[in-house]
Amino acid sequence: MTVHSAQILESIQYAAEIIRKSQHAVALTGAGISTPSGIPDFRSEGTGLWSRVDPMEVASLNAFRYTPEGFYEWLRPLATQIIDAEPNPAHQAFARLQAAGYFEFIITQNIDNLHQKAGSSHVLEIHGTFRTMSCTQCFEQTSSNCFIEPYIRDGQIPHCPQCGGILKPDIILYGEQLPLQTWYEAQNACQNCDLILVAGSSLEVLPVAGLPLQALDRGAHLIITNLSPTYLGARADIVLLGDVAEIIPLIAERILHD
Ligand SMILES: [Zn+2]
């Protein structure tokens, strides 16, 4: 078990107090909440999947249109990890907090479904989801369920049951717009919250990185927990540098059991 310094424990206690007093709290989660579940931070330089290929060549909307085979081949190891991944103590802590009435919305940059697997609701997936796919020809949306297994096992590329066109997972690629409705909901949640907790996001990807600013502009509290510092550290009430899979459960414990 990790021994935490008195200062960190004090910050955890303070975070718990602010969350307990909140009426409309929002969480914003990024890749750092899923790395403890074995999902690589695929945007992170040096360690991620991007370092092995040029993302513009495989994971952009244009690349998908020209060579969907290349895209699907590149995605296969990541898709396998996503399907097999289980929620970790941070996801579970958020689900417990939501069940107790805290955190109206969880805005996530992740496409791994782990918040939902842990039992969370009102999850706004601003970078899309792997659960559904859309046809590139007739735009019919369909569940990924029956396509995932043949794809992961044999590399079979999913085709539309209606028209035979190639299906694209509803994850947001480079050069692709964020899902409009979800993005509006996320902005709305940030503009109407009294607290935003950033967990496991380095706040480097726009426009998502700007969401906490919208909350700050309305006078909301800001708590940041992440492995590395972010550009908003100076404006946060509390910054907890460390593993979110350790920190979030400790905060939840203080809120729910004290
Ligand atoms: Zn179709």
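Residues numbered from 1 in each chain as written. Predicted model: local features only at pLDDT ≥ 70, side-chain atom pairs only at ≥ 80, totals over all residues. Heavy atoms only, no water.

Q: Could you clarify how one ought to interpret the overall build of the protein in this entry?
A: Tallying secondary structure elements over the protein gives 10 helices and nine strands in all. A globule of 258 residues ought to have a C-alpha radius of gyration of about 18 Å, and the protein, at 19 Å, matches this closely. Judged by the C-alpha coordinates and their principal axes, the protein covers about 55 × 35 × 30 Å. For the protein, with 258 residues in total, the buried portion stands at 51%. In the protein, the share of contacts with a sequence separation of at least 24, taken over all contacts with a separation of at least 6, comes to 68%. If you sum the accessible surface of the protein, you get close to 12400 Å²; carbon and sulfur atoms cover 51% of it. Measuring between centres, the 14 positive side-chain charges of the protein sit 2 Å from its 27 negative side-chain charges. (Helix = DSSP H or I, 4+ residues; strand = E, 2+ residues; numbered from the N terminus. Rg over C-alpha atoms; globule rule 2.2 N^0.38 Å. Buried < 20%, exposed > 50% of the residue type's maximum accessible area, 1.4 Å probe, protein only. Contact = heavy atoms within 4.5 Å. Areas by Shrake-Rupley, 256 points an atom, 1.4 Å probe, with all protein chains shown as cover. Lys, Arg positive; Asp, Glu negative; His and termini not counted. Charge placed at Lys NZ, Arg CZ, Asp CG, Glu CD.)

Q: What's the story with the environment of Phe 105 in this structure? I'm lost.
A: Along the chain, the position of Phe 105 falls in strand S2 (residues 105-108). Overall, Phe 105 belongs to the partly exposed group, its relative accessible area being 24%. The spatial distance from the C-alpha of Phe 105 to the C-alpha of Ala 186 is 8.3 Å, given a sequence separation of 81 residues. Setting aside residues up to four positions removed in sequence, Phe 105 forms contacts with Ala 25, Val 26, Ala 27, Gln 98, His 122, Leu 124 and Ala 189.

Q: So what exactly am I meant to see when it comes to the layout of surface pockets here?
A: Any empty space left between atoms is shown by rolling a water-sized probe over those atoms. Of the volumes computed, that of the second largest pocket is approximately 440 Å³. Lining the second largest pocket are 21 residues, and of these Ser 134, Lys 168, Pro 169, Asp 170 and Glu 176 sit closest to its centre. Elements represented by at least two residues in the lining of the second largest pocket include exactly helix H3 (61-66), strand S4 (128-135) and strand S6 (167-171). The element contributing the most residues to the lining of the second largest pocket is S4, with five residues. When grouped by side-chain class, the residues that make up the lining of the second largest pocket number 10 nonpolar, seven polar and four charged. (1 Å grid on protein atoms, 1.4 Å probe; cavity = no way out; pocket = protein on both sides within 12 Å on 5 of 7 lines; lining within 4 Å. Points joined across faces, edges and corners; volume = space filled by probe spheres on them. Nonpolar A, V, L, I, M, F, W, Y, C, P; charged D, E, K, R; others polar.)

Q: So what exactly am I meant to see when it comes to the pairing of S2 here?
A: Working note: regular strand, side chains alternate between the two faces of the sheet. Of the strand pairs in this sheet, strand S1 (residues 25-29) and S2 are connected by four bridges, and their pairing is parallel. Looking across to S2, one finds that Ala 27 is bridged to Ile 106. Here S2 pairs with strand S3 (residues 123-125) via three bridges, running parallel. In the strand pairing of S3, Ile 107 is matched with Leu 124. (Pairing = 2+ DSSP bridges.)

Q: Which parts of the structure should I look at to understand the coordination of the zinc ion?
A: Each angle at a metal carrying four tetrahedral donors should ideally be 109.5 degrees, and each at a metal carrying six octahedral donors should ideally be 90 or 180 degrees. Coordination of the zinc ion by the protein involves Cys 135 (SG), Cys 138 (SG), Cys 160 (SG) and Cys 163 (SG), with metal-donor separations of 2.3 to 2.4 Å. Classification of the site at the zinc ion as tetrahedral follows from its four donor atoms and the range of 98 to 116° in their angles at the metal. For the zinc ion, the donor residues sit on a single chain with the sequence spacing C-x2-C-x21-C-x2-C. Cys 135 sits in the buried class, given a relative accessible area of 2%. According to the relative accessible area criterion, Cys 138 is partly exposed, its value standing at 34%. (Donors = N, O, S within 2.8 Å, 3.2 Å for Na, K, Ca; no water. Tetrahedral: all angles 85-135°; square planar, octahedral: opposite > 155°, others 65-115°.)

Q: How should I be thinking about helix H7 (residues 145-154) in this particular structure?
A: For H7, the full list of buried residues reads Phe 147, Ile 148, Pro 150 and Tyr 151. Elements that come into contact with the buried residues of H7 comprise helix H4 (68-84), S4, strand S5 (141-143) and S6. With its phi angle positive at about 75°, Gly 155 sits one or two positions after the end of H7.

Q: In this structure, what is going on with the sheet that holds strand S8 (residues 221-226)? I would like to understand it.
A: Note on sheets: strands pair through backbone hydrogen bonds, and any given pair is parallel or antiparallel. Taken in spatial order, the six strands line up as S3-S2-S1-S7-S8-S9 in an open sheet, and their pairing is parallel. This sheet does not close on itself; its edge strands, each paired only once, are S3 and strand S9 (238-241). Geometrically, the sheet is characterised by an average inter-axis angle of 15° between neighbouring strands, direction not taken into account. Across the sheet, helix H8 (residues 180-191) is in contact with S1, S2, S3 and strand S7 (195-199); its angle to S3 comes to roughly 130°. (Axes fitted to C-alpha atoms, helices over the stretch in contact; angles between N-to-C directions.)

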